Structure formats: C-alpha cells, structure tokens
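Okay, here's what each chain looks like letter by letter:
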Amino acid sequence: MFLAFLLLYPLFQIGAMGAGDSKTLIMAGSFLKVQEFLIILAAAFVIGAVFSLFKLAAERNGRQRLFYLGTYVVETAKNRRFKVYGEELLQDQELYRSNKIHFTVPILFGAALRIGGLI
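Computed from a predicted structure; not experimentally measured.

## What to know about the pattern of salt bridges
Here's step 1: Enumeration according to the criterion identifies two salt bridges in this entry.
Here's step 2: A salt bridge links R114 to E36; the shortest N-O distance between them is 2.8 Å. On the criterion of sequence distance, the pair formed by R114 in helix α6 (residues 104–115) and E36 in helix α3 (residues 34–59) is long-range, its members being 78 residues apart.
Here's step 3: Linking E75 and K83 is a salt bridge whose minimum nitrogen-to-oxygen distance equals 3.1 Å.
Here's step 4: Take E75: its relative accessible area is 31%, and that puts it in the partly exposed class.

As structure tokens, then:
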C-alpha cells in the first residue's frame, strides 16, 4: 500500500491522475503482493495509453495535445517546479474534461487480465 502511495502521489499532485484513481490503486496495493501490484499498474498504464490514443483520434486534437504537453515540459524544466497539468483549462470545463480519461476503467481491465491469467 505504501509503495502504491509513493508511486502515485506525484501523479496526483500534478493533476495527471485523479483522487479516485489513486485511491483505487492504493486500495488494490493494500491486498496484493508487490509484483502483482506492479503488473496490474503497468497493464493499467498501457491500457490507459491505448484508450488515450483512441480518444485523441476521436477528438481529433492530437497535435494540439502534444503541443500543450511539450509546452508544459519546457515550462516545468525552465521554472524547475511542477504545476498542475491543465490548470489554465479549468475555466473551460468542457475543454478540460475533453482531455481526460477515466483511469479506473484501465485499472479494472488490468486487474481482470491479471486475475484471468492473460498477463
């Protein structure tokens, strides 16, 4: 459980992962062996990446999102300080939500694949 917290808290702090997603993984980490947890975590991130690619294709905003990511990385490196990812998009709730996926679904699929013995 502590390992899950250590790995996920920085992602929560910068807004890359929601509180519910973090709590779901921390709870899973509380009753899984470390190796099992890391496998499910890795699977969830891979599945989440696939979901994100589909969302980028559906929204047709991949170029815009990659430009924003690049700008975020450059600003973070220049200022040597993290800020909340997408913070300036909060004024436009529709735009802010269009750039998110519900990560609990990839977590569920990762756990199901592991329990089912497919990974």
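Continuing now.
## Structural notes on the nonpolar core
Here's step 1: A4, L8, M17, L25, I26, F37, L41, A44, F103 and I107 together form the largest nonpolar core, which totals ten residues.
Here's step 2: Among the elements of the structure, α1 (2–13), α2 (19–31) and α3 are those that each provide at least two residues to this core.
Here's step 3: Considering each element in turn, this core owes the most residues, three residues, to α3.

## Considering the packing of aromatic side chains
Aromatic ring pairs are reported here in terms of the distance separating the ring centres and the angle at which the planes meet.
Here's step 1: In total, this model carries four aromatic pairs according to the counting rule given.
Here's step 2: Summarising the aromatic geometry, the rings of Y9 and F12 are spaced 6.3 Å apart at their centres and angled 40° between planes, so their arrangement reads as tilted. In this pair, Y9 and F12 both sit in helix α1, three residues apart, roughly one turn of the helix.
Here's step 3: The exposure class assigned to Y9 is partly exposed, which follows from its relative accessible area of 38%.
Here's step 4: Relative accessible area serves as the criterion here: at 33%, F12 is assigned to the partly exposed category.
Here's step 5: Their ring planes at 40° and their centres at 5.2 Å tell us that F45 and F103 sit as a pair that is tilted. One end of the pair, F45, is in helix α3; the other, F103, is in the loop between α5 (93–98) and α6, and 58 residues separate them in sequence.
Here's step 6: Classification of F103 as buried rests on a relative accessible area of 8%.

Each value, and the rule that gives it
Here the residue numbers are simple positions, counted from 1 along each chain's written sequence. Totals for whole chains, interfaces and linings use every residue, but because this is a predicted model, local features are given only for residues with pLDDT of at least 70 and side-chain atom pairs only at 80 or more, for both listing and counting. By convention in this description, side-chain values take in all heavy atoms of the structure and omit both hydrogens and water. A carboxyl oxygen of Asp or Glu within 4 Å of a side-chain nitrogen of Lys or Arg is what we treat as a salt bridge. Secondary structure elements are defined from DSSP: runs of H or I of at least 4 residues count as helices, runs of E of at least 2 residues count as strands, and each element is numbered from the N terminus. Type-normalised accessible area, obtained with a 1.4 Å probe on protein chains alone, sets the label of each residue: buried when under 20%, exposed when over 50%, and partly exposed for intermediate values. What makes a nonpolar core is a set of buried Ala, Val, Leu, Ile, Met, Phe, Trp, Tyr and Cys residues whose side-chain atoms join them at distances within 4.5 Å. Two rings from Phe, Tyr or Trp (for Trp, the six-membered ring) form a pair when their centres sit within 6.5 Å of each other. Planes less than 30 degrees apart are called stacked, planes more than 60 degrees apart edge-to-face, and all others tilted.

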